Amino acid sequence: MGNKLRGLLLGTLVLALVAGGLSRISFNVDILHLLPPQLDQVKGLSLLLKYFALPDELVVTVEAADPETTAAAADSLAATLAAHPNLVREVVAKPPWEKNPSQLGELLAFQLLNQPPARLATFLQSLDPQHAPATLRNALDDLTDSLDPQTVALRGYDPYGFTSLLPTSAFTQTSDEFSSTDGKFRVIYVESATPLGNYADAIRWVKAIKDIAANWKRPAGVTLGFTGQPAFVADISGSMQGEMALTGGTTLLLIAAIFWLCYRRVRPLLTLLAMLAITFVVSLSLAGWFLDRLTVISVGFASVMIGLSVDYGYFVFHQSMHHAGSLADLRRKCFANIAWTCSTTAAVFFALGLSSLPGLSQLGNLVGIGVLVGAAVMLGLFASLARRNQQHAPITPPVPAERIATSPTFLRWGAWLALALVGVLLSALFLKGPPAVDFSAKTMRPRVSDAYASMDRLTARLGDDRGLLNLIVTGATPEEVAQRLRETERRLQTAVERGDAASFQTALPLWPEPKQQRENLARVAPFGKELPRLHQTLLDAGFTESAFGLAESVLRQWQDWSQKPVPIWPANEASAWTLRRLVRHEGAQLLAAGLVVPMPGHEDALVAAVGGQGVYLVSWDQLGREIKRIVPGEMARVIAVLFAGVVLILAIGLRSLRAILLFLATTALVLACLAGAITLLGGTIGLFSLAAVLLLLGTGTDYSILLLLAIRRNGGDAYAAQRTLGLVILLCCSSAVAGFGSISWANNLGLAELGRTCALGLAIDAVISLFLLPPAWNLLQRCFPGRRPGNAP
Amino acid sequence: MRLALLLLAFAGTALADDLAPVREWIARQNTITSIASDFTQTRTLRTLRDPVVAHGKFWFRAPGSFRWQLGDPPKLLVLGDDRAVLTIQPAKQTAERTATTRGFDFLQFPFAADFAAFQKRFEVLSVRTGDGRCHLEILPREAKSRRFLEKIALDFDLASGRLLGFKVLTREGSAVRTEFTNTRVNVPIDPAIFHFDLTGYRVRDGK
């Protein structure tokens, strides 16, 4: 009773821990979290996405064949969405100042406050009683003569010339955020009523908005698109959830098929699958407790971990078939082998945890945890169940698959086919050349995403920003950001003169200058009392009340701000809309953004010349170049160190130069054939292919090592070793290929590249190790017979 | 003003009381070799108590030279060809050179290859005829213009096809009415009209 109670309590505790861990799982869809955080491009783009990507704003695109239909549809949909205040805080389909132009006064008042005090003082002179009438006469002349519609519109509403202090670019809209030039494509910005705290919130909210749009009476020929940060999060998180289940399920099915083909027993098959499910759930819950949010790459862990953990299950089951002793004996018998292979595999995957690529590091930690849990589950639970099964329904070895795998015909034909395969792959490598290299950010994008497709469409219709560089300037204080902005503008101007940049625009005109604000506020505050005089002078000059609105709102704003501490930030709806993608000043982080148009081919020079402390000039293309420049070298160093470690262990374990050379030759041949296979399939080498090489060195080389160890155990008899390990290598390889292969179709292209490269590499490694390494050993024996077979390798 | 130039170019062509004559009028743009006219422009702005009035002259010569002159002596001049537009302020001795690729390109005649091309750029809102004249209301199809413009109303003499005047109404409530007088089509024009000596002027490149 006491034991039962203890067992129940322990079980409840374990279940609670597992449930707690699983409930903590969350996804991080940001592809930048897969990359080394110390890279400047990653830092800058992360800041751009974190502070300017607007996590609660969905971008809805409306497209039709003619501008009238598009405009009517956009207005109607905006009104429909705005009628759901429980879901939507704000719907913006037109610039806020179109609805209320007087709101622009606040932004203008703010920009004027940031002007050099001497400049503002000169302008203020034009408002004094002696000069004001002449100022208005000039405005009247402009209104009579000017051919420029912008000047007519501006001077009519600003006869005192407040806007004349600002550069013309402040009023020239370079791109329209709401409509394409032909009016056939419109954009609606929809903000969530509540902050979208996590991916589940984003999925629910985006679905609710899409449902409203689906039920809206859509005019014929109108197409809608949904993009922006919530759409990306919903799209990618949704596919991550689905993919983890799908790829894991596919792997389980393939493993089940392999097991069935070998042993033709349902009960142990179901038991093994249950063990794998337990391993998966426990590993995932441990990940929930110990790891950060899962990245898209971590989704692949389920398949990889299952593919590797099942090896221990195969081994335990195979041993149980040949075991007649107690359970403790069976566990003892399996422990040494499983402990050795599990610890080396886990060590390799945990070594990935040291990688500078966070996505890969997390995958390594997850799989490392998974194989340890898998080993514990197989030894602790499955050994007992397998032994019981063997007692109730014994399987008499050798099973048919074992007989086939060890038959001389199979091994002979295998060798010839392996030789042909190597020939084809090496020919492809030599004839077609090595695979193309692609380190661009697009290799980490989802294969299919409505949000990405809509964003691409939006970029194409509202102004192609591809090739532009985003400027991000940070600092601890407004003064520091302002100083960095000025220095950046100076460097950019030099870059323009040098021919590295075509043009640039920074947030400097929208950034507060506290010192100037303080001085200017003291100067403009008295003008609040001048309002009646300025008003009357304007009416006397022939203007109407409408012409005084802007001046009045600027002067009143100055009056309001006169008692407030600097720095002063504009805050009304129109200002917030203008600043939202250019300036951030919430909390401790202060950021200013900008855009730079580089001269083609001068991007690297520009980034090097402008970037500095707290100043980032970034783009997705530059990110690809930085990855290509830095990561392969770093990865090569990790691979070299890992490979050296493997060779050192082998040197100690095998103590045979011939075996070491054969191992090196096998590994080199595998890598060359892998390159040939990628070329033949039209693939490219990217960041994740390099990671796959790392994994191959950790897991794939096991096959050749096992063979070489078996040759040693069999006193140099390579064919005996081949017969002993034939089925084991085929089983392990099939399950690992199933695991990695199932993620070859993952939606994330990086993950798919990793899975495809690993699956190919493992299959090639197994084929070469199993079928070609033993004949190669024998050939070496014949050519250099000096060694005594009994000591070899 | 740019629109005024465009519309003035139609002055010497035929206009009838439905879309068919408009189609014919546009088709006959190829016959224009030159135009000379006086104009009066009245700006009724929401921000001004009384309308402001300006007088000026316009010349056009194929294949693309024009001169728009405000005041006499000129207060403001715009000289253009198929490559650049020069805006000159004699009183300030300043000039601004602007590329013609956008904004002024409709001054190159024929303005529209055919009626279909015209319709591609403008939506015809209404056509009315009476008292020997045609009143045509149009709206540019370009989204940016539509955001600011309510409509453009043109008046043509049905008999001669001469443009009498046009009015641009903005959504904000202002209007600019331009009336043409003394219009002559296909008359000889001194080439010197399209040149201006900028010695001593400060010339800058506009955007």
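Residues numbered from 1 in each chain as written. Chains lettered and ligands numbered in written order. Predicted model: local features only at pLDDT ≥ 70, side-chain atom pairs only at ≥ 80, totals over all residues. Heavy atoms only, no water.

## Details of the nonpolar core
Ranked by size, the top nonpolar core spans 127 residues in total, and within it Tyr263 and Leu754 of chain A carry the most contacts. Per element, the largest residue contribution to this core is 16 residues, and it comes from helix 26 (residues 687-713) of chain A. With residues up to four places along the chain from it excluded, the contact list for Leu754 of chain A reads Leu360, Leu363, Phe688, Ala691, Ala692 and Leu695 of chain A. Within the second largest apolar cluster, 62 residues are counted, among which are Leu108, Ala139 and Leu538 of chain A together with Val52 of chain B. (Core = buried A, V, L, I, M, F, W, Y, C linked by side-chain atoms within 4.5 Å. Buried < 20%, exposed > 50% of the residue type's maximum accessible area, 1.4 Å probe, protein only. Helix = DSSP H or I, 4+ residues; strand = E, 2+ residues; numbered from the N terminus. Contact = heavy atoms within 4.5 Å.)

## Examining the sheet that holds strand 5 (residues 84-89) of chain B
One open sheet accounts for twelve strands, arranged 7-8-9-10-11-1-2-3-4-5-6-12 (chain B); its pairing is mixed. Looking along the sheet, the strands with just one partner apiece sit at the ends: strand 7 (122-130) and strand 12 (202-205) of chain B. Pairwise comparison of adjacent strand axes, ignoring direction, gives a mean angle of 15 degrees for this sheet. Strand direction decides the pairing type here: strand 10 (residues 163-170) of chain B and strand 11 (residues 175-185) of chain B, joined by five bridges, are antiparallel. Counted as the bridge partner of Val168 of chain B is Val176 of chain B from strand 11 of chain B. Contacts between helix 7 (residues 132-145) of chain A and the sheet are confined to strand 1 (34-44), strand 2 (52-61), strand 3 (65-70) and strand 4 (76-80) of chain B, with strand 2 of chain B contributing the most and set at about 40 degrees to the helix. (Pairing = 2+ DSSP bridges. Axes fitted to C-alpha atoms, helices over the stretch in contact; angles between N-to-C directions.)

## Some remarks on the confidence of the model for chain B
All names here are of chain B. Chain-level statistics for chain B give a pLDDT mean of 79 and a share of 83% at 70 or above. Every residue in residues 1-17 scores below 50 in pLDDT, and together they form 76 contacts with partners more than four places removed in sequence or on other chains. We note a pTM of 0.68 for the whole complex and an ipTM of 0.80 for its interfaces. (pLDDT = per-residue confidence, 0-100.)

## What about unusual backbone geometry?
Residue and element names in this part refer to chain B. Residues Ala62 and Pro63 are joined by a peptide bond in cis, for which omega reads 10 degrees. Checked against the element boundaries, Pro63 lands in the loop between strand 2 and strand 3. The residue after Asp72, namely Pro73, is reached through a cis peptide bond having omega 5 degrees. Mapped onto the elements, Pro73 comes out in the loop between strand 3 and strand 4. Even without being a glycine, Asn182 presents a positive backbone phi close to 55 degrees. Among the secondary structure elements, Asn182 is positioned in strand 11. Even without glycine at this site, Asn186 takes up a positive phi of about 55 degrees. Using a relative accessible area of 38% as the deciding quantity, one classes Asn186 as partly exposed.

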